[in-house]
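Close look at the chain arrangement
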Number of protein chains: 2
Amino acid sequence: MSENSTYAEITEAIRAHDSFILLSHIRPDGDAIGSQLALGHALEAMGKTVHYINEDGLPDNLSFMAESQRIQTPPAEPLDVQVCIALDCATKPRLGENALHAASKAKLWINIDHHISNPAYGDLNHIDSTSPATGQILYQLIKSADMPLPDATRDAIYVAVSTDTGSFQYSNTTAATYEMAADLVRRGLDVGTINAQIYDSNPYRKIELLRSLLNTLQLENDGKVAHWELPYSVKEEYNLKPEDSEDQIDLIRGIDGVVAAAFFEELEDGKIRVSLRAKDDTFNACETAQLFGGGGHARAAGIRMAGPISDAREKVLAAISNAIS
Amino acid sequence: MSENSTYAEITEAIRAHDSFILLSHIRPDGDAIGSQLALGHALEAMGKTVHYINEDGLPDNLSFMAESQRIQTPPAEPLDVQVCIALDCATKPRLGENALHAASKAKLWINIDHHISNPAYGDLNHIDSTSPATGQILYQLIKSADMPLPDATRDAIYVAVSTDTGSFQYSNTTAATYEMAADLVRRGLDVGTINAQIYDSNPYRKIELLRSLLNTLQLENDGKVAHWELPYSVKEEYNLKPEDSEDQIDLIRGIDGVVAAAFFEELEDGKIRVSLRAKDDTFNACETAQLFGGGGHARAAGIRMAGPISDAREKVLAAISNAIS
């Protein structure tokens, strides 16, 4: 089905069942984990049984979140659950093979997401690409359904939305986003503490990573394109974790005159993960990513392609150059 | 007087006069310039004559703001104005000597600020230290007085409040702050564009500076002390401006485990400017600075001492090591 289910329909399905597995995408970010914890704790406050599963488990940088240790990697055997809810995940395979196996006994699939490319792979789907974060959709679902909103849900929604809007800065931030934040503060959210936890924690290895990236920084196309790269050997040398490189690309997208930024990251298997960022409408990151089988949003998209880095760099930079000229 | 004037009293004074000079503090930031532009354009929409004066003029990084070219350095002769409004300035001298001279014909002084230390140096004063930014006080004044809120005022308020809250992150951010942002968006604020202008605009030379600094980064004392340095030759090579290195030291103070950070900067005359930062009460930056004739605050202090960098580094690091052991 491609029609969105209403909040009422989703709520009715939730109320009619007792056991749930909540999933989100591989390499989870704040919106993925935040959405799992936010909805899960609301469900538990309704007396439901909830399993919080992520293919890659909980990233270190989100371990400050209340009850985040509930996020587990998939067990070997399928869980005995009635319903699987996929959160913030644009395609079913991005939930991860082991996570899908863990959820394979679920008879009902609910798919809640804000990625425009989501093909509505659930039995019930609510895809709202106008929402800056899946966390904001859950906030609206919970409020409209008069579901419980415990403190762990409140804080998790904030983390989800703050991280997916770049701290309320991106163009997807709406009046409703700020109003939601105001409501969460009125419900007792500690703004200073949670933001220090999200944004002010720098392991030394992240500084070493930044230095290494800056030493590969190049500008192209008269300064309109910035790119840098990370060989797998450097990740090993500094013992980097996957989440360490997230968002670092914002620094070079922010250079005056740059309209497109690219980050080439060599993976353990030799494949190259390419992150693309657009500063404005001059460049559409998603369109260029799609040329190589990738996808995402207009401002932020990704590709996974064959290596070595030098080949991937040459191809992608040529496509970017073509796109912006 | 130490009692706050009400918004109604301030509005009455504004309505009763025709010509205004608006001032803010030296080395102006987003809240200083934003407050001047926000109130000034509301006054102009009421038919008032407004002079926008700052001792140091408009900083480059705020020149994206609509009508920001109206911010001028003080003229040599006092301006013919009835009212001076001081914005976001904790003490009268911090308005600057030339700015004070330019305002010397004003018969009425209005002082609007959010610094708790403000001694209420105006004839009418509204000091609200619970407000995260002077811009938020002006928003409340304008709304309560039903003054005009033109687009330039709307955008300037957002810049003022966003910059003084670290993009809605600091503990001074309240529910009212987020609600204000929601209202500004409903009034047509372009969130994506204005935030890109505030935060995503780094001259390339600042990135080159960061790379150069990171390549000199060292940790000492089992990771408790971080330091980096900037030879004068690098400043010349990248054509750096004095403000370029401001706040960069926050990055290394923020490394997990670091309690003291030091930045050694070679000046044109060969002297060394040392910036010291403390993360918490483990290290008192001011006490160490005073050993070398410098000074400042417990968390942030400075020294100017003889070069070369290697000598200054050796002496200051020894003193820091001594202080924290």
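Residues numbered from 1 in each chain as written. Chains lettered and ligands numbered in written order. Predicted model: local features only at pLDDT ≥ 70, side-chain atom pairs only at ≥ 80, totals over all residues. Heavy atoms only, no water.

Notes on empty space enclosed by the protein
Residue and element names in this part refer to chain B.
- What the rule picks out here adds up to 1 cavity of 30 Å³ or more.
- Roughly 40 Å³ of volume is contained in the largest cavity.
- If you go around the largest cavity, the residues you meet are Leu209, Leu230, Lys235, Leu240, Lys241, Pro242, Asp244, Ser245 and Glu265. (1 Å grid on protein atoms, 1.4 Å probe; cavity = no way out; pocket = protein on both sides within 12 Å on 5 of 7 lines; lining within 4 Å. Points joined across faces, edges and corners; volume = space filled by probe spheres on them.)

Digging into the domain arrangement of chain A
Residues and elements named next belong to chain A.
- Each assigned domain of chain A is listed here: domain 1 (7-199) and domain 2 (206-324).
- The centre of domain 1, based on its C-alpha atoms, is set 27 Å off from the matching centre of domain 2.
- Counting from both sides, the interface comprises 9 residues of domain 1 and, opposite them, 11 residues of domain 2.
- Between domain 1 and domain 2 the total buried area reaches about 850 Å² when both faces are included, carbon and sulfur atoms providing 37% of it.
- Looking at the side of domain 1 facing domain 2, the largest losses of area belong to Arg27, Asp60 and Tyr170, adding up to 56% of the total buried there.
- Scanning the region where domain 1 abuts domain 2 turns up 1 salt bridge.
- Between Asp60 and Lys241 there is a salt bridge; the shortest N-O distance is 2.3 Å.
- The interface formed by domain 1 and domain 2 includes 3 residue pairs in polar contact (both at pLDDT 80 or more).
- Of the residues assigned to the side of domain 1 that touches domain 2, the class counts are 2 nonpolar, 4 polar and 3 charged. (Domains from an automatic or database assignment. Contact = heavy atoms within 4.5 Å. Buried area = accessible area lost by both parts, 1.4 Å probe. Salt bridge = Lys/Arg side-chain N within 4 Å of Asp/Glu carboxyl O. Polar contact = N/O pair within 3.5 Å; in protein donor to acceptor, adjacent residues only side chain to side chain. Nonpolar A, V, L, I, M, F, W, Y, C, P; charged D, E, K, R; others polar.)

Looking at the sheet that holds strand 9 (residues 260-266) of chain A
All names here are of chain A.
- Spatial strand order, 7-8-9-10-12-11: 6 strands in an open sheet with mixed pairing. Only two strands of the sheet have a single neighbouring strand rather than two, namely strand 7 (218-220) and strand 11 (295-296).
- Taken together, the 3 bridges between strand 7 and strand 8 (residues 225-230) define a ladder with antiparallel strand orientation. Within the sheet, the bridge partner assigned to Gln218 lies in strand 8 and is His227.
- Against the sheet, helix 8 (residues 204-214) touches strand 8 and strand 9, its axis set at about 125° to strand 8. (Pairing = 2+ DSSP bridges. Helix = DSSP H or I, 4+ residues; strand = E, 2+ residues; numbered from the N terminus. Axes fitted to C-alpha atoms, helices over the stretch in contact; angles between N-to-C directions.)

Notes on the UniProt feature "domain: DHHA1" (unreviewed entry) in chain A
- In this structure's numbering, the residues bearing the UniProt feature "domain: DHHA1" (unreviewed entry) are residues 234-324 of chain A.
- Along residues 234-324 of chain A one finds 33% helix and 24% strand; the C-alpha atoms at either end are 31 Å apart. (UniProt positions renumbered as here; feature names shortened; annotations may be inferred.)

A short note on the sheet that holds strand 11 (residues 295-296) of chain B
- Pairing in this open sheet of 6 strands is mixed, and the strands run 7-8-9-10-12-11 (chain B) from one edge to the other. Looking at which strands have only one partner, the edges of the open sheet turn out to be strand 7 (218-220) and strand 11 of chain B.

Examining the side chain of A:Asp113
Residue and element names in this part refer to chain A.
- Inspection of the secondary structure assignment puts Asp113 in strand 5 (residues 108-113).
- Of the side chains with opposite charge, Arg94 comes closest to the buried, unpaired Asp113, at an N-O distance of 8.3 Å.
- At a separation of 2.9 Å, a polar atom in the side chain of Asp113 contacts the side chain of Asn118.
- With residues up to four places along the chain from it excluded, the contact list for Asp113 reads Asp88, Cys89, Ala90, Asn118, His126, Ile127, Asp128, Thr134 and Ile137. (Buried < 20%, exposed > 50% of the residue type's maximum accessible area, 1.4 Å probe, protein only. Lys, Arg positive; Asp, Glu negative; His and termini not counted.)

Digging into the interface of chain A and chain B
- Taken together, the 38 residues of chain A in the interface contact 35 residues of chain B.
- Buried area between chain A and chain B, both sides added, is near 3300 Å², and the carbon and sulfur share of it is 60%.
- Among the residues of chain A in contact with chain B, A:Gln169, A:Tyr178 and A:Tyr204 are the three that bury the most area, contributing 19% of the side total.
- Counting the contacts that link chain A with chain B gives 2 salt bridges.
- We note a salt bridge from B:Arg186 to A:Glu179, for which the minimum N-O separation is 2.7 Å.
- Counting residues per element, the ones that place at least two in the side of chain A that touches chain B are helix 6 (175-186), helix 7 (191-199), helix 8 and helix 10 (250-253) of chain A.
- For the side of chain A that touches chain B, the element with the most residues is helix 6 of chain A, which contributes 8 residues.
- Looking at side-chain class alone, the side of chain A that touches chain B contains 20 nonpolar, 11 polar and 7 charged residues.

A few points about the environment of A:Gly192
- Checked against the element boundaries, A:Gly192 lands in helix 7.
- Classification of A:Gly192 by relative accessible area gives buried; the value is 19%.

Some details on the UniProt feature "domain: DDH" (unreviewed entry) in chain A
- Mapped onto the present numbering, the UniProt feature "domain: DDH" (unreviewed entry) falls on residues 21-159 of chain A.
- Within residues 21-159 of chain A, the helical portion is 30% and the strand portion 19%, while the C-alpha atoms at the span's ends are 21 Å from each other.

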